[in-house]
Each structure stands twice: as structure tokens, then as C-alpha cells.
Amino acid sequence: MKKFLTLLLAVAMVTSVGAKKPAKQEQPEGYKFTDKILIPTTPVKNQHRSGTCWCYSTVSFLENELLKQGYGEIHLSEMFIVRHAYKEKARKYIRMHGFLNFAEGGASHDVIEMIDKYGVVPQEIYAGFNYGTDKADFHELSPVLKNYLDGVLAGSAHGRELTTAWERGFDAILDAYFGELPETFTWNGKEYTPKSFAESLPLTMSDYIDITSFTHHPFYSKFIIELPDNWIWGEVYNLPLNEMTQVVDYALENGYSVAWGTDVSEKGFSRTKSIGIVPDVNLDGMTGTESARWGNLTKAEKEAMLYKFEAPVKELEINQEMRQEAFDNFLTTDDHGMVIMGTAVDQAGNNYYKVQNSWDINNPYKGFWYFSKPFFEYKTTSITINKNALPEEIQKKLGLK
């Protein structure tokens, strides 16, 4: 028995020594970016639970403009602007008998127009979080405002006149949620009104224009862009795709950032990786085995391979027709605003824009994201830019010079 146990032990030892360790799985390379141009920016903000990216992004863009002017770092109040936009939107909603998109969304030109009309204040003067949180949270506010206005409209049905109270009632709700607006305030030892403070900043609101690129309106003209969030009916200049991209590249090369309206509902947009791409599969470029293997995959399997973000992939070459088709078929929508503030390349030499987001800093790049040029070309709804950042020949084409 003792000999038998000894033999078993010897066999076990030999087996253990001879057994091969499982091969170590190689980790995906992922995307590796090298920044090229970086425009100085103010710190990344957090829009939290509010659909006000249009305001956060444009305010950050204007803060960057102030940095460029040598003004120094400042955080302007987003909620001061949002509150005024809500009031203007409410008036138009009532005038349109409710046939207007009354929601949290908006666009960059809303910020420009609100500052031009009402001024602006620093964040320290008006945070606008008067409902028990230190971050924006509109889960209750939005339906309250919308239901109030619908009640006003219901009360004026069948030819009955609006009362003189509805605007005061709406203001009371805004006061309750945002806080009362400051008529005057002291900043760095000097007293201001919101208007005089805006006028003290080295910013001229008429310098900021919106640009897009679509074929359903003539190039080098202006038109009211047909987007649900364009409640203010703001106009954009229309450029060919290559010139819209040229404008962004030229601006970045000359130290200007760009406010960017885009669509992030695409599968090529990854929240976890903080990357936006437009993958392409060119079957002609595959070997016979690769092509056959791809052809045997299900749709779900193909998409899983395309959107793993394990390494740079070939992307679609975007043209004017593709942009237009996506817009016409509601595949490109106006669902997010950010700030383009730099350029970068990945390890394969592909070009990207580095973008400042307003979703806090809890992502791989501390609040910044990387979007490929094809993504920008395909999914841009519009950009807002300082007209002085445009190439001279494009300024002339648009009649700006």
C-alpha cells in the first residue's frame, strides 16, 4: 500500500511538471492618441441631469475666447442663460399655440442671443441650483414648466383671452427652481448689472456665426436650420463640406476653438472609450479567407467586431450626399453640443479632433474625447465660430468681408 501511494505521488508530480500553463491572452491594443494642436480651455464642466449641453458647450467656448483675449480664467453662469432662454421659449410656445418644441434642448445661438439681450454673470453670482442639489437636475423642472404652459393654453381655449398673470406665474416657477435673478452684483470690487458685466468682457456677440453644410439650401447663403431644438429660428451659413472642415482646421491652427453641434446616437460613438468613429468594411480589400469569414457572420457579430474599439479601423469616406441623406432621413439629429479644442492622430496616423465635453471628468481622458474627421464630416449639424477665425476667402464668399 505504501509503495502504491508513493507511485501515485510520483505520477502526480510528473503530471504537474509536464502540464502546460494556459497561454496568456494578448490584450487589445486599443486607441492611442498623440495630441497635436491644443487650444487652452477652462476646466471641464458637468451638465449632470440636464439637457443643456448647448449652453455648457457654448459657455465653455466663450470662456476659451476670453482666454485667447488674455482676460484670464472665468466660469460664466450657464443657468443664468438657461433661465432667460426658458422665458423666451415660453413666450414663443404660447404665441405658437403650443406648436413649438418646448424642451431642455437648444443651440449655441441661444447663448449668443441671451447674452446679447440680457447680459451674463459669473457662476459664483448665480449658480441656478435652487432645488436642493449642487448640480443641474431638470427631472422635475422640465415637466413642471411644460405642464404649466399647457395649462395656460387650455385655459385660453375657445377664444378666451390670456390672463395678465401667466408670465408672472411662469417667472415664479423659474424663481423657485433657479433663484431670483440679480439686478446688480459686485465682482472684483466693482458693481455691475448683468448687461454691464457682459459689456465689460472682451467679447462681441455679433462676431459669432453658425455654419453648416447641406444641399437642400444654396451654398454661401443663410437659412433657418430645420432642427427641433432650433426654437429660436436661428440662421446658419451654408458651406460645402470641404470648406466647413477647412474652417475648423484653420480656426484651430490660429488658436480658436469651435462650438460643435453633433449627433452622438451613433454606434461609432463610445461613452466608455470616449471615442467617435464611422467604421467601414471594404470587402474588396480583404483576402479570400477574410472575406468568406466576414460573409458568414451574422449582423450582430459584424457589429460586435466593428465596434469593439480594440484598435483603429478603416473608416468611411464621407461625401456631401451621405451627409444630406442622413439628415433627410433623421439619421443625423441635433442631440449634443461640445467644443472642438484640438487635433490629434492615432497610432495608425488617422486624424481626430480633440473635444471638450460637459459630462464631468470621469472618463479615460478626464472630460475630453476624440472624434475622427469622418465622424465630424458625417454627423455635424452646425458649428459656432468667431467669424474672424474664418479663412479670408471664405469670409468673402459669405459676404462677411
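Residues numbered from 1 in each chain as written. Predicted model: local features only at pLDDT ≥ 70, side-chain atom pairs only at ≥ 80, totals over all residues. Heavy atoms only, no water.

Visitor: Would you mind showing me how to read the side chain of Thr 384 here?
Guide: Tracing the backbone through its elements, the reader meets Thr 384 in strand E13 (residues 380–386). Exposure remark for Thr 384: the relative accessible area of 2% places this residue in the buried category. A polar contact is formed between the side chain of Thr 384 and the side chain of Ser 108, at a distance of 3.5 Å. Leaving out residues up to four positions away in the same chain, Thr 384 has contacts with Phe 61, Ser 108, Tyr 208, Ile 209, Asp 210, Val 258 and Ala 259. (Helix = DSSP H or I, 4+ residues; strand = E, 2+ residues; numbered from the N terminus. Buried < 20%, exposed > 50% of the residue type's maximum accessible area, 1.4 Å probe, protein only. Polar contact = N/O pair within 3.5 Å; in protein donor to acceptor, adjacent residues only side chain to side chain. Contact = heavy atoms within 4.5 Å.)

Visitor: Looking at this structure, how should I read helix H8 (residues 241–253)?
Guide: An α-helix turns once per 3.6 residues; consequently, residues spaced three or four apart project the same way. Over its 13 residues, H8 runs 19 Å from end to end, which matches the ideal 18 Å to within 8%, given 1.5 Å per residue. Three or more residues of H8 are buried, namely Leu 241, Glu 243, Met 244, Thr 245, Val 247, Val 248, Asp 249, Ala 251 and Leu 252. (Expected span 1.5 Å × (residues − 1).)

Visitor: Looking at this structure, I do not really get the packing of aromatic side chains. What am I missing?
Guide: Here the distance between the centres and the angle between the planes together describe a pair of aromatic rings. Scanning all chains against the criterion turns up 30 aromatic pairs. Measuring from centroid to centroid gives 6.4 Å for Trp 187 and Phe 197, while their planes differ by 80 degrees, and the two rings are edge-to-face. With a gap of ten residues between them, Trp 187 in strand E2 (residues 185–187) and Phe 197 in helix H7 (residues 194–200) connect regions that are remote in the sequence. For Trp 187, a relative accessible area of 17% gives the class buried. Residue classification places Phe 197 among the buried residues on the basis of a relative accessible area of 0%. (Phe/Tyr/Trp six-rings, centres within 6.5 Å; stacked < 30°, edge-to-face > 60°.)

Visitor: What is the right way to look at the pairing of strand E6 (residues 235–238) in this model?
Guide: Sheet faces and side chains relate simply in a regular strand, where the side chains alternate between the two faces. Note that strand E4 (residues 208–212) and E6 share two bridges and pair parallel. Its bridge partner lying in E6, Thr 212 is registered against Asn 238. (Pairing = 2+ DSSP bridges.)

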